[in-house]
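Descriptive analysis of the structure
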Amino acid sequence: MADGEWRANWIWGPSISEEGDARSRHCYFRGTLEAPGGELSAAVLSVCADTRYRLWVNGRMLGHGPARSHPGSQYFDVYDVRDLLHPGSNTFAVLATHYGIGTCYSCLGSPGFLLQADIENAQGETQTFGTDARWRAASAPYGVGYERMSIQLAYPEVFDARREPEAWNLPGFDDSSWEFALNLGPVGMEPWIEMLPRDIPPPFFRGMAPVRVQQVGRVRLQATARTDENITPAEDMERATTLEVVSSESVSFRHPALLTVAPQSGQEGVSVVLDFGKEVSGFPLLVVRKGAGGRVDIGYSERIEADGTVNPNHWGGCDVHYADRLIMRPGFQRYQPLDHRAFRYVRLDFYDCPEPVEILVEMTVSGYPVEHKGEFQCSDALLQRIWEVGRYTTELCMDDGFMDCPWRERGQWLGDVRVEGLVAVYAFGDSALARKALLQYPQSQDDSGWFRGIYPADPPFDPILPTFCFLWPVALWEYFLHSNDRTLLESVWPNLERLIAALKACVDTDGLLQDPPGWVFVDWAPLNTAGKSTAVNAFAYDALRASGKIARALGYPDRGGELDILAEDIRESVNDSLWDRTRGCYIDGIVQGERSRIVSEQSNVLAALVGLADHRQTEAILRALGYKAYLLSDQRPDVDRSEIVTIATPYFAFYLLRLLYGCGLHDRALAYIREKWGAMLDRGATTFWEQWEPHWSLCHAWSAAPTVDLMAEIAGIRPLQPGFEEFTVDLRPGSLSWLKAVVPTPRGNISVAYHYRTTAAQIDPMGAVIPGGAPSPAITVNLTAPTGSRAHVRIPLLGLSSPSVRLNGKSIWKKGVPDGGSGDKFVRDGDAIAFSILGGRYHIELERD
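Thresholds applied
- Residues numbered from 1 in each chain as written.
- Predicted model: local features only at pLDDT ≥ 70, side-chain atom pairs only at ≥ 80, totals over all residues.
- Heavy atoms only, no water.
- Helix = DSSP H or I, 4+ residues; strand = E, 2+ residues; numbered from the N terminus.
- Rg over C-alpha atoms; globule rule 2.2 N^0.38 Å.
- Buried < 20%, exposed > 50% of the residue type's maximum accessible area, 1.4 Å probe, protein only.
- Pairing = 2+ DSSP bridges.
- 1 Å grid on protein atoms, 1.4 Å probe; cavity = no way out; pocket = protein on both sides within 12 Å on 5 of 7 lines; lining within 4 Å.
- Points joined across faces, edges and corners; volume = space filled by probe spheres on them.
- Nonpolar A, V, L, I, M, F, W, Y, C, P; charged D, E, K, R; others polar.
- Phe/Tyr/Trp six-rings, centres within 6.5 Å; stacked < 30°, edge-to-face > 60°.
- Lys NZ or Arg CZ within 6 Å of the ring centre and 35° of its normal.
- Core = buried A, V, L, I, M, F, W, Y, C linked by side-chain atoms within 4.5 Å.
- Contact = heavy atoms within 4.5 Å.
- Axes fitted to C-alpha atoms, helices over the stretch in contact; angles between N-to-C directions.
- Parallel < 35°, antiparallel > 145°, perpendicular 65-115°, else oblique.
- Left-handed = near helix turned anticlockwise from the far one by under 90°.
- Salt bridge = Lys/Arg side-chain N within 4 Å of Asp/Glu carboxyl O.
- pLDDT = per-residue confidence, 0-100.
- Lys, Arg positive; Asp, Glu negative; His and termini not counted.
- Polar contact = N/O pair within 3.5 Å; in protein donor to acceptor, adjacent residues only side chain to side chain.

A few words now on the overall build of the protein chain. The number of helices and strands found in the protein chain is 14 helices and 45 strands. Its C-alpha atoms give the protein chain a radius of gyration of 30 Å, near enough to 29 Å, the size a compact globule of 849 residues would have. Taken along its principal axes, the extent of the C-alpha atoms in the protein chain is 90 × 65 × 65 Å. Counting across all 849 residues of the protein chain, residues that qualify as buried make up 61%.

Printed below as a string of structure tokens:
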């Protein structure tokens, strides 16, 4: 709004509202704005819907939204439409839907649509136009009464194009037969109490065609025992049996995206499977260019079956029935779902087509707009590919919020957000989406101090996850370190205090947390999390330590000290009660007074990572788990490795890898990444899976940790002070002969290019060939640090005992001895050289002895 004041009213379709059942209702709206003559100096459009809208202005598709939110803190979208409006009549056309249920990416509200246009001409005259009872409304021809796609998703779309008003969204359409809209009330009414402008960029839209035809076959619908008419498209597709490969006359292609299907009748039809080459997310588009009717069932899947077909029905952690239906009319028509779909393969089953159907099949890819500001390149092609696939996986899991996956549920789970937020910072230089998520979680905080681990959402299960609640202050602190945004910490500090009070209420007389409420999730593995759990106490300890840092950053040093003391009390209690001296590791917990016999990687990794374990205990844990046995080959752990609960997901491997880096085991971490993530790529993954095996979601950004790690741990670029005012370049290349990394920061890009020369010919990060027999200088590093920053650099010597060092051509060391007044600022740090530099560009050379 131009002056910040809403004058428009919430509206909905009268007939739809009178039907009583508001589930899966779609409504058309049209309104006309008479704009004054002359040039407009400003034209701002504010738009919202509960639950989704798609908007056209003068026939041009303008946007899709709004961003996910709770109706009590409802986001609306803002568009600059000055270039879309013209003097005289301007048409606004809208397709809106109300789910009528809560999902994993939306909260249950009430049917409603809201639009306001504020315009100003060159003379300073203003005009406001908005939704009210003069708008026209009509029910859109979508089927109702179908079962939802899954307990996480909304409903399938069954669209009857025969009943679609032709050109309804274009200027000149006669809507006089439509009803007048029902005026629900002004802004501020229940349930939309607070209206917030969108605080993230609008989504992008980009066309994409399938890359190949996967399969063409004939299908036959099988009989069903059900007597109701609302059999979902996915059910029909599951019951359709592939009979045989059809002749080329049945389907012909001019391109994988453009096909012609011969006439079909009865229970038999033709099925076409198209492959987009990789996982995609957005809005599939079907353009029927010629035909006389019939129907097409549209099934989506991330995977292909062994027989080459696509089944849109998958367990995937929860039953998912992922298909829509278009009932075609004669002639030209377009169909595009109003809700997102994510898949690699799309299956089209054609039935009852009296004439040939010529159809174009494309994908309007859509999501959160990112720029590839971060870079990572290295001499290991496998690690390079892992970095790129992790980046792409995260892109697909970014839309109007972070998502665990774009396919099964699109939920913003806090454990996923912590990993995804780090990838977004390093790969894209974006912290806005993480800010939005971290601000939204405490909106769900109840009187007990706990809040939901997935939000905004209304899934049909208890969504309080105490371990994810404990991750919230950790993610807040990481966000602050990378962004230097103190305002977020200030705004959520009262919520953090209430969470700490909830944590303290779970501490028993022996100083251990016991049975916090909700679902205690650590990993998809059978570790013991009941009672007094090592893993739960480790998460709580880490939360208190992070909260203490936040308190000091906000100017509350005394409170920070209190939180550190509370954390130390938990650490001592864990070691008193849960450390098994005989086995040299932590047990999983104590349940009803009984010490668990279960030993898990999860509990021990967390305890060592967050600091519950001291150095000696950490060494014992690494030996017991097998990650450091090669360092002490003469010692055998007292724990039978076969009895240890192992890590089940790439998500929890995020914590293991951080432990290995913290213990200096970078080579071991890289070997683990090559083995585990490389195995997914070997099996054809285009995005990383939820689990090590392709059982559930095949695009899960909680699995993208290596994309962060290769930049933060191998290139070693990490913030030490908020906003990268101070940072490390702690190079740990291991066997990599070269690497190059660029990390975007609020102060500017940090870039480092490292090259270790051998006597063999090779290619350096800049693409220049280094001839054999020219192995000097042995190590070169090019570094750019933003103005006003300080970098703490560590370069491995790789066995150079007495190197000579030059900085920007100036001798600093000669044969391991400082040379000149500044040489003493370069110090030995084990098998490395360490120094600090201010912002600028540097070229460092290390000569062999």
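Another aspect to go through is the sheet that holds strand β10 (residues 136-139). Strands sit in the order β5-β4-β7-β2-β10-β12 across an open sheet of 6 strands; the sheet is antiparallel. Each edge of the open sheet is held by one strand with a lone partner, namely β5 (60-65) and β12 (179-180). Here β10 pairs with β12 via 2 bridges, running antiparallel. Looking across to β12, one finds that Arg136 is bridged to Phe180.

If you roll a probe as big as a water molecule over the atoms, it shows you where there is empty space left. Applying the stated criterion across every chain, the model contains 4 cavities of 30 Å³ or more. Space inside the largest cavity adds up to approximately 150 Å³. As for the largest cavity, its lining consists of 18 residues, of which Tyr99, Ala154, Tyr155, Asp339 and Arg341 are closest to the centre. Among the residues making up the lining of the largest cavity, the classes are represented as 10 nonpolar, 4 polar and 4 charged.

Most of helix α14 (residues 705-714) is tucked away: 10 of the 10 residues are buried. Of the positions making up α14, those classed as buried are Ala705, Pro706, Thr707, Val708, Asp709, Leu710, Met711, Ala712, Glu713 and Ile714.

Before going further, it helps to examine the sheet that holds strand β32 (residues 589-591). If you walk across this open sheet you meet the 3 strands as β29-β32-β33, and the pairing is antiparallel. A strand with exactly one partner marks an edge of an open sheet, and here the two such strands are β29 (532-533) and β33 (594-595). Where β29 meets β32, 2 bridges bridge the pair, whose relative direction is antiparallel. By the bridge assignment for β32, Ser533 is matched with Gly589.

Right, let's get into the packing of aromatic side chains. Scanning the model with the defined rule gives 44 aromatic pairs in all. Taking the centre distance of 5.5 Å and the plane angle of 75 degrees together, the rings of Phe276 and Phe343 count as edge-to-face. With a gap of 67 residues between them, Phe276 in strand β20 (residues 268-290) and Phe343 in strand β26 (residues 341-351) connect regions that are remote in the sequence. Overall, Phe343 belongs to the buried group, its relative accessible area being 1%. Here Phe652 and Tyr655 contribute two aromatic rings whose centre-to-centre distance is 5.1 Å and whose plane-to-plane angle is 40 degrees, an arrangement assigned as tilted. Separated by 3 residues within a single helix, Phe652 and Tyr655 lie in helix α12 (residues 650-662), roughly one turn from each other. For Tyr655, a relative accessible area of 2% puts it in the buried group. Ring pairs connect the aromatic residues Trp413, Phe468, Trp519, Phe521, Trp524, Phe539, Tyr651, Phe652, Phe654, Tyr655, Trp696 and Trp702, which therefore count as one cluster. In this structure, Arg54 is placed above the aromatic ring of Phe283, and the distance from its NZ or CZ to the ring centre is 4.9 Å. Over the ring of Tyr392 we find Lys278; its NZ or CZ atom is 4.6 Å from the centre of that ring.

With 3 bridges joining them, strand β41 (residues 804-807) and strand β42 (residues 810-814) adopt antiparallel strand pairing. Looking at β42, one finds that Val805 is bridged to Trp813. Hairpin geometry of β41 and β42 is characterised by an intervening segment of 2 residues between the two adjacent antiparallel strands and by a positive phi of about 50 degrees at Asn808. Taken together, the 2 bridges between β42 and strand β43 (residues 817-818) define a ladder with antiparallel strand orientation.

Counted as a void, the largest pocket has a volume near 1000 Å³. Forming the boundary of the largest pocket are 34 residues, of which Arg418, Glu478, Lys549, Leu609 and Arg658 lie nearest the centre. Listing elements by their share of the lining of the largest pocket, those giving two or more residues are α4 (414-428), α6 (466-483), α8 (534-553), α10 (601-610), α12, α14 and β34 (717-719). When the residues that make up the lining of the largest pocket are grouped by side-chain class, the tally is 22 nonpolar, 4 polar and 8 charged. Roughly 620 Å³ of internal volume is contained in the second largest pocket. Lining the second largest pocket we find 24 residues, and of these Trp56, Glu164, Asn169, Arg334 and Tyr335 sit closest to its centre.

A separate point is the nonpolar core. Residues Trp472, Trp677 and Ile795 are the most contacted members of the largest nonpolar core, which totals 171 residues. When near neighbours in sequence (up to four residues on either side) are disregarded, Ile795 contacts Leu731, Ile779, Val781, Ala832, Ile833, Phe835, Ile844 and Leu846. Core analysis: the next-biggest nonpolar cluster, separate from the first, contains 58 residues, Ala154, Val261, Ala342 and Phe343 among them.

Packing of α12 against helix α13 (residues 666-682) leaves a shortest axis separation of 8 Å and a crossing angle of 160 degrees. Classed by the angle they form, the pair α12 and α13 counts as roughly antiparallel. The handedness of the crossing between α12 and α13 is left-handed. On α13, the residues that touch Pro650, Ala653, Leu656, Leu657, Leu660 and Tyr661 of α12 are His666, Arg668, Ala669, Tyr672, Ile673, Trp677 and Met680. Looking at the contact of α12 with α13, its residues break down into 11 nonpolar, 1 polar and 1 charged.

Let us look at the pattern of salt bridges. Using the criterion set out here, one finds 47 salt bridges in the structure. Taking the shortest distance from any N to any O, the salt bridge between Arg198 and Asp77 comes out at 2.8 Å. Here the residue Arg198 occupies a position in the loop between β14 (194-197) and β15 (204-208), and Asp77 occupies one in strand β6 (residues 73-80), the gap between them amounting to 121 residues. Residues Arg198 and Asp77 agree in their burial class; the two are buried. Between Asp324 and Arg341 there is a salt bridge, with its nearest N and O atoms 2.9 Å apart. Of the two residues, Asp324 sits in strand β24 (residues 323-328) while Arg341 sits in strand β26, which places them 17 residues apart along the sequence.

Here we come to the confidence of the model for the protein chain. Note: predicted coordinates in regions of low pLDDT should not be interpreted at a detailed level. Chain-level statistics for the protein chain give a pLDDT mean of 92 and a share of 94% at 70 or above. Confidence over residues 629-637 falls short of pLDDT 50; this stretch has 8 contacts with residues more than four positions distant or in other chains. Predicted confidence for residues 765-773 stays below pLDDT 50, and this span has 23 contacts to residues more than four positions away or in other chains.

Attention now moves to the side chain of Asp523. Relative to the elements of secondary structure, Asp523 occurs in the loop between α7 (486-505) and β29. The side chain of Asp523 sits in the buried core without any salt bridge; Lys676 is the nearest counter-charge, 10 Å away. In this structure the side chain of Asp523 is engaged in a polar contact, spanning 2.8 Å, whose partner is the backbone nitrogen of Ala648. In terms of polar contacts, Asp523 uses its side chain to reach the side chain of Thr649, at 2.6 Å. Not counting residues within four places of it along the chain, the set of residues in contact with Asp523 comprises Gln602, Thr646, Ile647, Ala648, Thr649 and Phe652.

Now for the packing of α4 against α12. Two elements in contact, α4 and α12, have axes whose closest approach is 10 Å; the angle formed by their N-to-C orientations is 60 degrees. Judged by the angle between their axes, α4 and α12 are oblique. Viewed along their axes, α4 and α12 form a crossing whose handedness is left-handed. In this structure, α4 uses Gly415, Arg418, Val419 and Leu422 to contact α12, whose residues at the interface are Tyr651, Phe654, Tyr655 and Arg658. Within the contact of α4 with α12, the residues separate by chemical class into 5 nonpolar, 1 polar and 2 charged.

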